[in-house]
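Results of the structural survey
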Amino acid sequence: MRGEISLPGDKSISHRALLLGALARGTTDISNFLPGQDCRSTLECLRALGARVEEKSPTELTLFGAGPGGLREAPGVLDCGNSGTTARLLLGILAALPFASRMTGDESLRQRPMGRVVEPLRSMGADIRGPEGGKFLPLLVEGGKLRGFSYRLPMASAQVKSALLLAGLVSGVEVDVEEPALSRDHTEKMLAYLGARVERRGNRVRIAPGQALKGRPIRVPGDISSAAFFLVAATLVPGSEVLLKGVGVNPTRAGVLAVLQRMGARITCLSREEEAGEPVADLLVQAAPLQGTEVKGGEIPTLIDEIPVLAVAALFARGTTIIRDAAELRVKETDRIRALVTELEKMGAAVKELPDGLVIQGGQQLRGGRLATYGDHRMAMSLQVAGLAAGREVVLDDRECVRVSFPNFFTLLQELHS
Ligand code: S3P
C-alpha cells in the first residue's frame, strides 16, 4: 500500500459540532464534516427540531444557532437511525427542552441500552417513557427544566457523560460527572471552545450553571477510528508506506496508536497542530512485523471502537494478544465480541471468547470466504482488512453498512492498494 490520503471527518466530533452549534447563538461554520449516515441522522433530527442548517457541500455546513430557545417541538418521530451518539446526546438535550419529543432508531439501535442515560436524567427530574421502563427506544420525552446533579457513572461512556453535561447546559444548572476511567472528552473540549465554563479534575468533569454557547468555526479533524483501518492494513501489507493526513490524535481517543506501537508498528506522528481545541497530526505508517500484547483497564475506553481492527492486527502478530475489560463491546452496533469470534473462526483464526474480551493466537494460516458483518460498519471494514492482509478474498454480506461512518472506505483502500 502506497500513497497519502485525508481521512473523512471524525464521527464523534461531527455529531457534537451539529448539536452544540444548534445550541449556540450565532453562526457555526463546520468544515470536514463527516457525510456518513450517523451524522446525517443527527442533522435531520436537528432540522426536525427547527434548527437552521445550510449545506454548502456534503462536508461543509453552516448552522445558524439561536440558543436552546430556537428549538421547537418536532412534527413527527425523531429517527436516530443506527446512531447511538445521536440517540443518547439528543436525549440529554430533549429532556431539558420545554416540549415533548418522540425518538426511535433502527433495529440495532432499538436493542441498545438507553437506561444508562434515562436513569440519571430522571434523577435530574426528567420525564422519559418507553419499553421496559425506558430501557430502550422508542422513547417519549416530556421535556422541562431539570435540576443540578452530581453523578458517578457505572461505566466509562462519553455518550452518557455528554448527555448529562448537555442536559445541564440546556437547563442552565450545574452538572458534575465522574467516570471510572476517562472516556473521549470531545464534548468538554467543544463546550469550552464555544465559551462555556467546564472544569476537569482527574476523571471528573463539571459544567458551571448558567452557561451559554457562542457560534464559532469548527474544522473537524480526520477520524482516528477510520484511520485505524489503514494503520493496520499498511502495517500488515509488506512494503507499505502510507501517509494519513490531518488525523485527530486526542489522547482520550488515540489509544490505538500506543497499542500498535507497542506491538511493533512503525507509526510516526508528524506536524502536530490544534483545530477547534482538538490536537491533529499527520501519521506516517510503514509496514512492520507485530508481536502480541495485552490491552485492558483504562486503555480500553481510548480505543473501544478500534478493538475489531486491533483483533485483526493480532491475527498476524507473533504470540498471543489478550483483550479484557471490554464488555462494552457487547452493546455496540452488534455484540462485537461474539461477532469477531464467529467471523474470524470462519477464516481459520484461533480466537477465544472471554466475557469481557478476546484471546487471539497470532500466526495461524487464514482463508477467505463469505463473512457476515451483522450490519456493523466496523465489523465490515475490519474483516475487509483481514482479507487484504491474509491475501485472501473475503466476500462481505453487506458492504453498504460502511456508509454509517466511512462512505468512501472501499474506494480509498483500493486507491492505496494498487
Ligand atoms: C461515542 C462514544 C463511545 C463510542 C461511540 C461514539 C461518542 O460510546 O463507542 O462509537 O461519540 O461519544 P460509549 O459512550 O457508549 O462508550
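Preceding this paragraph is the structure being described.
In this report, the structure presented in the accompanying data block is examined. (Residues numbered from 1 in each chain as written. Predicted model: local features only at pLDDT ≥ 70, side-chain atom pairs only at ≥ 80, totals over all residues. Heavy atoms only, no water.)

Looking at the layout of surface pockets
Spelled out, the test is: Lining residues are defined by having an atom within 4 Å of a point belonging to a cavity or pocket. Those points lie on a 1 Å grid over the protein atoms alone, cavities being sets where a 1.4 Å probe fits but cannot get out and pockets being open sets with protein on both sides within 12 Å along at least five of seven lines. Grid points are joined across faces, edges and corners, and a volume is the space filled by probe spheres set on the points. Runs of H or I in DSSP of at least four residues are treated as helices and runs of E of at least two as strands, each being numbered from the N terminus. Gly is placed with the polar residues, together with every amino acid not listed as nonpolar (Ala, Val, Leu, Ile, Met, Phe, Trp, Tyr, Cys and Pro) or charged (Asp, Glu, Lys and Arg). These domain limits were set by an automatic method or by a database of domain assignments.
By volume, the largest pocket is sized at about 580 Å³. Breaking the lining of the largest pocket down by element, the ones donating at least two residues are helix 1 (11–23), helix 3 (84–96), helix 6 (158–171) and helix 12 (377–390). Residue composition of the lining of the largest pocket, by class: 11 nonpolar, 10 polar and 16 charged. Residue-level mapping places the lining of the largest pocket at the junction of two domains, with at least three residues from each of domain 1 (11–219) and domain 2 (224–417). Taken as a whole, the second largest pocket encloses approximately 240 Å³ of empty space. Lining the second largest pocket, in full, are Gln-384, Gly-387, Leu-388, Arg-392, Val-394, Arg-399, Phe-410, Thr-411, Leu-413, Gln-414 and His-417. Within the residue set of the lining of the second largest pocket, elements represented by two or more residues are helix 12 and helix 13 (409–416). The element that contributes the greatest number of residues to the lining of the second largest pocket is helix 13, accounting for 4 residues. Tallied by class, residues from the lining of the second largest pocket come to 4 nonpolar, 5 polar and 2 charged.

Describing the side chain of Thr-373
This is how it is decided: Accessible area is worked out with a 1.4 Å probe on protein chains only. A residue is then buried under 20% of its type maximum, exposed over 50%, and partly exposed in between.
Considering the arrangement of structural elements, one finds Thr-373 in the loop between strand 21 (369–371) and helix 12. For Thr-373, a relative accessible area of 0% corresponds to the buried category.

Describing the site of the ligand
Put simply, the rule is: The near set for a molecule or strand comprises every residue that places at least one heavy atom within 4 Å of it. Throughout this description, a polar contact denotes any pair of N or O atoms lying within 3.5 Å of each other; where both atoms belong to protein, one of them has to be capable of donating a hydrogen while the other can accept it, and for residues adjacent in sequence the pair is counted only when both atoms sit in side chains. Where accessible areas are quoted, they stem from the Shrake-Rupley method and a 1.4 Å probe; at the residue level, only the protein chains shown are allowed to cover.
Every residue lining the ligand is accounted for by Ser-12, Arg-16, Thr-85, Arg-88, Ala-156, Ser-157, Ala-158, Gln-159, Arg-184, Ile-304, Asp-305 and Lys-332. Within the side chain of Ser-12, an N or O atom sits 2.7 Å from an oxygen atom of the ligand. Thr-85 is positioned such that a nitrogen or oxygen atom in its side chain is 3.4 Å from an oxygen atom of the ligand. Starting from 390 Å² of accessible surface for the ligand in isolation, the protein chains cover 94%.

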